[in-house]
Amino acid sequence: MASTHHWNGVLDSALDAVGETPLIRLDRIAKAEGLKCNLLGKAEFFSVGGSVKDRIAKRMVEQAEKNGILIPGQSVVIEPTSGNTGIGLALACAIKGYKCIITLPAKMSLEKEVLLRSLGAEVVRTPHDSPDSLIGVAERLKEKIPGGVILDQYSNPNNPLAHYYTTYGEIAHALKTSNLRRKSISALIAGAGTGGTITGLARAVRDSEKDGASRATVVAVDPVGSILGGGDVGQYQVEGIGYDFFPAVLDPKPPLIDEWIKTNDDEAFAACKRIIRQEGLAVGGSSGSALAGALKFLKSEEGKAIAEDPTANVVVVFPDGVRNYMSKEWFLKQEEGSRDAELHDTIREL
Ligand code: PMP
C-alpha cells in the first residue's frame, strides 16, 4: 500500500505529477475552534490537473489500456462528470492521443469547461446532474461514436482502488514520517460524489486496523439536497459532491463509513473562504463542505473524545482548488470581515 515517491529527477510526463499531495496542519482553525487534536488537510489541488480526481482518471485509463478496453488510435473516451474527473481524463487523453468527450451538468463552473476545451476535450453541457441526463447523454454518444468507451467512474472499481492505493498510501506515509506522537489516522472526513474517495480510503483504513492500527472513525459529508447521506432531493451550488442516486462504487454503511453529516451551501462556502483566509490554502467549495462537516463531527457526542485528544490525527480531504470557481458568485462576493478595517480606511482616505 506504500505510495511511490517519484519527485526526484525528471518526470516522464504530466501523468507522473498526479497525486503526491501534501498533508498540512490547519493549526489556526483548530486553535480558533478550541480543538486539541491535530487537524490535517490533504490538499489535492496540488495534483497536476488540480484535483483528487486525477488519480482515478490515470488509473482507469492505465487499467483500460492493460485490459485492451482502450486502444490507442481507435478509442474515444466519453465520460459523465462534474468536471474534475473530466479534467484528469482529458489530460491523460491529451498525453496519450485519445479523443475525449465530457458530459458536464449545466451548474458546473465555466473554469472547468474552458480548461477541458483547452486540453482538447469536447464538452457537452447537460441540463441536470441526474443519471438520466448526464449519464444518459454519455451513453447515447457512445452508441453513435465508433470506438466510444465510457470508463464509468460510478461503477469502475479503479475509482476507489486509486484512493485505496495512492491517497491512503500518501496519508499513511506522511503520518509515519511526521513528528506527530501518533502515526495513524484517528478520524477521516471526506465528501462523497461518486463515493470513490471515501470508500477507497475507508477500505484502506479498515485494512490497516486489521494490521494493528487503532480504530478510526470515517465520516462522509453530503450536501443538503443530495440523498447519499439521507434527506430529499434539492438544488445546491457546491460542485462535485452529492447525487440523487447511489453510485455502485459507494459503500455507504458501517463498518466502512461510520457516519454521514449534512452541510449546506452557506456553511460550505464560509468554510472554504476560511481555509483560504486563515490557512493560506486556496481550496474549492467542496473542501469547505468537508471542513464544515469535520467541525460538526468534532463538536458532536461521537467526535468529542477525538477533538479533545492532543494525540489524535483528524484528516480532512480537500478535493480541489478555488481556481476552478473564480467566476462563481459565491467566490466573487468577498466578505467585508476578511479585510483589515484600519488598512482599508487608510487606503480609502488616500
Ligand atoms: N469534490 C469535488 C470538487 C469533486 O470534483 C469530487 C468528484 N466528484 C468530489 C469532491 C467527490 O469525490 P468522489 O467522487 O470520489 O466521491
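Per chain, the residues get numbers from 1 upward, laid out in the order the sequence is written. Totals for whole chains, interfaces and linings use every residue, but because this is a predicted model, local features are given only for residues with pLDDT of at least 70 and side-chain atom pairs only at 80 or more, for both listing and counting.

Engineer: How do you make sense of the overall build of the chain when you look at a structure like this?
Structural biologist: Numbering of helices and strands starts at the N terminus; helices are DSSP runs of H or I of at least 4 residues and strands are runs of E of at least 2. Assigned secondary structure in the chain consists of twelve helices and ten strands. Here the C-alpha atoms of the chain give a radius of gyration of 20 Å, agreeing with the 20 Å that 2.2 N^0.38 yields for 350 residues. Referenced to the eigenvectors of the C-alpha coordinate spread, the extents of the chain come out at roughly 60 × 60 × 50 Å. As a rule, residues whose C-beta atom has 12 or fewer other C-beta atoms within 10 Å are exposed, those with 20 or more are buried, and those in between are partly exposed; C-beta atoms are placed from the backbone. When the 350 residues of the chain are sorted by exposure, 48% land in the buried category. Once C-beta atoms have been placed from the backbone, residue pairs whose C-beta atoms lie within 7 Å are recorded as contacts. Summarising the internal contacts of the chain: among those between residues at least 6 apart in sequence, 71% fall at separations of at least 24. Taken over C-alpha atoms, the radius of gyration is set against a globule rule of 2.2 Å times the number of residues to the power 0.38.

Engineer: What exactly am I supposed to notice about the sheet that holds strand β5 (residues 122-126) here?
Structural biologist: Within a sheet, adjacent strands bond to each other through the backbone by hydrogen bonds, running parallel or antiparallel. Spatial strand order, β5-β4-β3-β6: four strands in an open sheet with parallel pairing. Strand pairing shows two members of the sheet lacking a second neighbour, β5 and β6 (148-150), which therefore form its edges. The sheet shows a mean angle of 25° between the axes of neighbouring strands, direction not considered. Any two strands are treated as partners once DSSP identifies two or more bridges connecting them. When strand β4 (residues 99-105) meets β5, the two strands line up parallel, connected through five bridges. The residue bridging Thr-103 from the neighbouring strand is Val-124, located in β5. Here helix α3 (residues 84-96) sits on the sheet and contacts β3 (76-80) and β4; the angle it forms with β4, its principal contact strand, is near 170°. For helices, the fitted line uses only the C-alpha atoms of the stretch in contact; every axis is such a line through C-alpha atoms, and the angle between N-to-C directions lies from 0 to 180 degrees.

Engineer: Would you mind showing me how to read the sheet that holds strand β1 (residues 23-25) here?
Structural biologist: Read from one edge to the other, the open sheet built from six strands follows the order β1-β2-β10-β7-β8-β9, with strand pairing classed as mixed. Edge positions in the sheet fall to β1 and β9 (259-263), since each has one partner strand and no second. For this sheet the average axis-to-axis angle between neighbouring strands, irrespective of direction, equals 25°. In this structure, strand β2 (residues 38-43) lies alongside strand β10 (residues 313-318), joined through six bridges in parallel fashion. When the sheet's bridge partners are listed, Leu-40 is paired in β10 with Val-315.

Engineer: What is the right way to look at the packing of helix α2 (residues 54-66) against α3 in this model?
Structural biologist: In a packed pair of helices, the relevant descriptors are the angle between the two axes and the axis-to-axis distance. Viewed as axis vectors pointing N to C, α2 and α3 meet at an angle of 45°, and their least axial separation amounts to 7 Å. In terms of orientation, α2 and α3 fall into the oblique class. Considering only the axes of α2 and α3, their crossing is right-handed. Packed against α2, whose contacting residues are Asp-54, Ile-56, Ala-57, Lys-58 and Val-61, the element α3 presents Thr-85, Gly-88, Leu-89, Ala-92 and Lys-96 at the interface. Roughly parallel means an angle under 35 degrees; roughly antiparallel, over 145; roughly perpendicular, 65 to 115; everything else is oblique. Two helices cross in a left-handed way if the nearer one is turned anticlockwise from the farther one by less than a right angle. They cross in a right-handed way if the turn is clockwise.

Engineer: What exactly am I supposed to notice about helix α6 (residues 158-176) here?
Structural biologist: For an α-helix, the turn length of 3.6 residues means that residues three or four places apart are oriented alike. Under the convention used throughout, the expected extent of a helix is 1.5 Å for every residue step, that is, one less than its residue count. In a regular helix each residue adds 1.5 Å, so 19 residues correspond to 27 Å; α6 covers 26 Å between its end C-alpha atoms and thus fits that length. Approximately 30° is the largest bend angle found in α6, and it occurs at Tyr-168. Of all 19 residues that make up α6, 15 are buried, and the element is covered over most of its length. Fitting axes to the seven residues ending at a residue and to the seven starting there, one defines the bend at that residue as the angle between these axes.

Engineer: How do you make sense of unusual backbone geometry when you look at a structure like this?
Structural biologist: Leave glycine aside and you will find that most residues have negative phi; peptide bonds, for their part, are mostly trans. A cis amide bond, omega 5°, links Pro-254 with the succeeding residue Pro-255. The backbone phi angle of Glu-20 is positive, close to 55°, even though this residue is not glycine. Position of Glu-20 relative to the elements: it lies in the segment before β1. Accessibility expressed as a C-beta count within 10 Å gives 17 for Glu-20, which makes it partly exposed. With a phi close to 60°, Asp-152 is a non-glycine residue in the positive phi region. Since 19 C-beta atoms lie within 10 Å of it, Asp-152 is described here as partly exposed.

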